[in-house]
Amino acid sequence: HVHLEATMPRILQLMKQGENVCYAGFFKTPEREKFVVFSTPNLFNYMGVLVVSKESKSSLFGNKKELPLSTLINQPSLKLGLTMGRSYGTVIDKILGEDKDNSQNIIFRSGDDSLTGLLEMLANGRIQYTIGFPWEFPYVAKQMGRENQFSSIYIKEGKETRWIKNYIGCPKNAWGREVIGKINNVLASTMLKEEHMHCQLKWFPEEIHDDIRKAVKRHLLEKKK
């Protein structure tokens, strides 16, 4: 295979066209199931969090550890920045709603550097918050030279189902189904190995490693037995 980089809108467009491309980090959504065939779930992702500027966190959001996204998105004074075409998981996608593209409170970024752009906008006050995963925004901020300038706030809705399953996806055609069949055969054995777990754990804070191990065992591995 050949490894290529592309934006999420481009990846989705290629799959809609039936091109021979696969992507190894999908969330499953009803819209994507129309043209994507998914592997068995192979990874867990931690539910997205609100990412805010440390400098303005207290004045804009107080000192609360969690906030309802459904309330925030209806406040005109708070601009939300999102990555074009990205799914943030079923719970968050449902809150954002199908009309998010027309919302006056949401600004979209596209391109390979969309998260970098959103963090720059956040630091400059052009948006007041964005949504990211706990493992990604600290890494990107460090690469930008803005380490420790951002903080996270948990999203109140859906916290009881904070784990989101990740899938490998290919176009829903004969080629895609064949490739996913081969991928599932590989996953059946590799997911039981410690090396596979290590590839996931290295992205997350050490304090939630035990939670991830328990969640993977309960929701992914036990169903394979």
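The rules behind the values
Residues numbered from 1 in each chain as written. Predicted model: local features only at pLDDT ≥ 70, side-chain atom pairs only at ≥ 80, totals over all residues. Heavy atoms only, no water. Buried < 20%, exposed > 50% of the residue type's maximum accessible area, 1.4 Å probe, protein only. Helix = DSSP H or I, 4+ residues; strand = E, 2+ residues; numbered from the N terminus. Contact = heavy atoms within 4.5 Å. Salt bridge = Lys/Arg side-chain N within 4 Å of Asp/Glu carboxyl O. Pairing = 2+ DSSP bridges. Axes fitted to C-alpha atoms, helices over the stretch in contact; angles between N-to-C directions. Parallel < 35°, antiparallel > 145°, perpendicular 65-115°, else oblique. Nonpolar A, V, L, I, M, F, W, Y, C, P; charged D, E, K, R; others polar. Left-handed = near helix turned anticlockwise from the far one by under 90°. Phe/Tyr/Trp six-rings, centres within 6.5 Å; stacked < 30°, edge-to-face > 60°.

Colleague: Go over helix H9 (residues 209–221), please, and point to the residues and values.
Modeller: Within the span of H9, buried status applies to His-209, Ile-212, Ala-215, Val-216, Leu-220 and Leu-221. Structurally, H9 contributes buried residues whose contacts are with strand S3 (43–46), strand S10 (163–171) and helix H8 (194–201).

Colleague: Report on the pattern of salt bridges, specifying residues and quantitative values.
Modeller: Under the defined criterion, the tally for this structure stands at five salt bridges. Residue Glu-136 pairs with Arg-86 through a salt bridge whose shortest N-O separation is 3.0 Å. Within this pair, whereas Glu-136 is found in the loop between strand S8 (129–132) and helix H6 (137–144), its partner Arg-86 is found in the loop between strand S6 (80–83) and helix H4 (90–96), the two being separated by 50 residues in sequence. Accessibility expressed as a relative area gives 7% for Glu-136, which makes it buried.

Colleague: Pulling in residues and values, what's your account of the sheet that holds S6?
Modeller: Here six strands make up an open sheet; going across it, the order is S5-S9-S4-S8-S6-S7 and the pairing mixed. Among the strands making up the open sheet, the edge pair consists of strand S5 (66–67) and strand S7 (106–109). Contacting strand S4 (49–53), S6, S7, S8 and strand S9 (150–155), helix H5 (residues 114–123) crosses the sheet at an angle of about 140° to S7.

Colleague: Break down the environment of Leu-115 for me, with residues and values.
Modeller: For Leu-115, the location among the structural elements is in helix H5. The class for Leu-115 is buried, based on a relative accessible area of 12%. It is 7.6 Å that separates the C-alpha atoms of Leu-115 and Val-140, two residues lying 25 residues apart in sequence. Those residues in contact with Leu-115 that lie beyond four places of it in its chain are Glu-136, Phe-137 and Val-140.

Colleague: Let's hear about the packing of H5 against H6: which residues, and what values?
Modeller: Viewed as axis vectors pointing N to C, H5 and H6 meet at an angle of 75°, and their least axial separation amounts to 10 Å. In terms of orientation, H5 and H6 fall into the roughly perpendicular class. The segment H5 lies against H6, with Leu-115, Thr-116, Leu-119 and Glu-120 engaging Phe-137, Val-140, Ala-141 and Met-144. Its residues assigned to classes, the contact of H5 with H6 comprises six nonpolar, one polar and one charged.

Colleague: Residues and numbers for the packing of H8 against H9, please.
Modeller: It is the contact of H8 with H9, at a shortest axis distance of 11 Å, that shows an interaxial angle of 130°. Accordingly, the angle class assigned to the pair H8 and H9 is oblique. The handedness of the crossing between H8 and H9 is right-handed. Touching Glu-194, Met-197, Gln-200 and Leu-201 of H8 are His-209, Ile-212, Arg-213 and Val-216, all from H9. Across the contact of H8 with H9, the residue classes break down as four nonpolar, two polar and two charged.

Colleague: Describe unusual backbone geometry, and please don't skip the residues or the numbers.
Modeller: Residue Asn-148 is not a glycine yet carries a positive backbone phi of 70°. Assignment of secondary structure puts Asn-148 in the loop between H6 and S9.

Colleague: Help me get a handle on the packing of aromatic side chains, residues and values and all.
Modeller: Applying the stated criterion across every chain, the model contains five aromatic pairs. Considering the side-chain rings of Phe-26 and Phe-38, the 5.9 Å spacing of their centres and the 80° angle between planes classify their relative orientation as edge-to-face. Here Phe-38 lies in strand S2 (residues 36–38) and Phe-26 lies in strand S1 (residues 23–26), a separation of 12 residues in the sequence. Phe-38 shares its class with Phe-26; the two are buried. Here Phe-61 and Tyr-129 contribute two aromatic rings whose centre-to-centre distance is 6.1 Å and whose plane-to-plane angle is 75°, an arrangement assigned as edge-to-face. Here Phe-61 is found in helix H2 (residues 54–61), whereas its partner Tyr-129 is found in strand S8, with 68 residues between them in sequence. Under the relative-accessibility criterion, Tyr-129 is labelled buried at 1%. Here the aromatic cluster, defined as three or more aromatic residues joined through ring pairs, consists of Tyr-23, Phe-26, Phe-38 and Tyr-167.

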